[in-house]
Amino acid sequence: MPPDPTVPDPRIHATLARLAGLEARARGFDFLPRQPVGSALSGRRASRLRGRGLEFEELRAYLPGDDVRAIDWKVTARAGSPHVRVTRVERDRPALILVDQRQSMFFGTVLNMKSVTAAEIAALAAWRILGQGDRVGGMVLSDTGAAAIPARRARSAATRLLDLVADRSLALSAEAPVVPDAAARLNETLRRAAGIVTHDWLLLVVSDFDGADDDTLRILTGIARGNDIILALVHDPSAHETPTTGRMVVGDGTLQVELDFAAPRVRQNLAAVGGDRLKRLLAWQEHLDAAILPISAGEPTIPQILHLFGAPPRRR
């Protein structure tokens, strides 16, 4: 039976139904400070961000002035001297998810468009953060600007965000007109985000980081001084695994060109465009206190997320 032309291809455009359906799959990972050993977030500095309740911090020798109610009697008996259990008050942790749906994201050579993979990452994160009991909001970046959804501890906030993501995804097209300075929208939106995530927020940026430059690093460094940052770097396999045969027609809304993968220069240029960006952003980890998660649009999103967050492999 031929596909229904009125139903969007889920590999090309994200839909609200698909993103809402990911709520049941948002399991096996979280954004809390404590991470499994294999998590890409493990081993970073002690997070300033906490959830709610009491978080165990350390056991140490009793000091004059300590609350005697904090004495751990089992440890005291074993050590032969008073020891106290130190806890830290956890706080509410709001999260802002910045999702890139610019025309540069409308590209894919294997499985998904980068825009679809970014939408799926945002949906999984929004549902998981809400499931942890934290507030979630977001910004959706397009070629013409960014729209924001205030952070709320409510399903309606996640639904509004994902509805906006789906709307911007469905607007992407190979025939879309070229928008001047679309690459500069990334820094503009990050500056807006900096005014929202004032302190003790989680900022998750999901993008291919087209247009990222030294200003991008400076803005993110400023945000990181009082918040936690995770950069989900969405890339296509062509950035490092360019095919050696076949052809592809690409366009920018005004011009179209057919790429012949058998031509060495074509493969070199494609690899340079994506590969150099990957290398530059991964090198930021040495200067930016953030976790950078490379996620391929050429593979299913959920297994990659679980792997990056240290979830054990599922048995068949």
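Let me begin by describing the structure that accompanies this report. (Residues numbered from 1 in each chain as written. Predicted model: local features only at pLDDT ≥ 70, side-chain atom pairs only at ≥ 80, totals over all residues. Heavy atoms only, no water.)

## Considering the nonpolar core
In this structure, L19, F31, I97, V206, I230 and F309 are the most contacted members of the largest nonpolar core, which totals 45 residues. Elements represented by at least two residues in this core include exactly β3 (95-100), α3 (114-131), β4 (136-142), α4 (155-171), β6 (202-207), β7 (228-235), β10 (291-296) and α8 (301-308). At 11 residues, α3 tops the list of elements feeding residues into this core. If we ignore the near neighbours within four places in the chain, the residues touching V206 are I97, L98, V99, D100, A118, I121, A232 and V234. M139, L220, L231 and I292 belong to the second largest nonpolar core, which has 28 residues in total. (Core = buried A, V, L, I, M, F, W, Y, C linked by side-chain atoms within 4.5 Å. Buried < 20%, exposed > 50% of the residue type's maximum accessible area, 1.4 Å probe, protein only. Helix = DSSP H or I, 4+ residues; strand = E, 2+ residues; numbered from the N terminus. Contact = heavy atoms within 4.5 Å.)

## Here we look at the sheet that holds β3
The mixed open sheet is built from six strands, whose spatial order is β5-β4-β3-β6-β7-β10. Two strands close off the open sheet at either side, each with one partner strand: β5 (145-152) and β10. Taking each pair of neighbouring strands and ignoring which way they run, the sheet shows an average axis angle of 15°. On top of the sheet, helix α5 (residues 185-196) reaches β3, β4, β5 and β6; it is set at about 160° to β4, its chief contact. (Pairing = 2+ DSSP bridges. Axes fitted to C-alpha atoms, helices over the stretch in contact; angles between N-to-C directions.)

## Side note on empty space enclosed by the protein
According to the stated counting rule, one finds one cavity of 30 Å³ or more in the structure shown. A volume near 60 Å³ is recorded for the largest cavity. Together, F29, F31, I121, L124, A125, L204, I230, A232, L293, I295, I305 and F309 line the largest cavity. Those elements that provide at least two residues to the lining of the largest cavity are α3, β7 and β10. For the lining of the largest cavity, the element with the most residues is α3, which contributes three residues. In terms of residue class, the lining of the largest cavity is made up of 12 nonpolar, no polar and no charged. (1 Å grid on protein atoms, 1.4 Å probe; cavity = no way out; pocket = protein on both sides within 12 Å on 5 of 7 lines; lining within 4 Å. Points joined across faces, edges and corners; volume = space filled by probe spheres on them. Nonpolar A, V, L, I, M, F, W, Y, C, P; charged D, E, K, R; others polar.)

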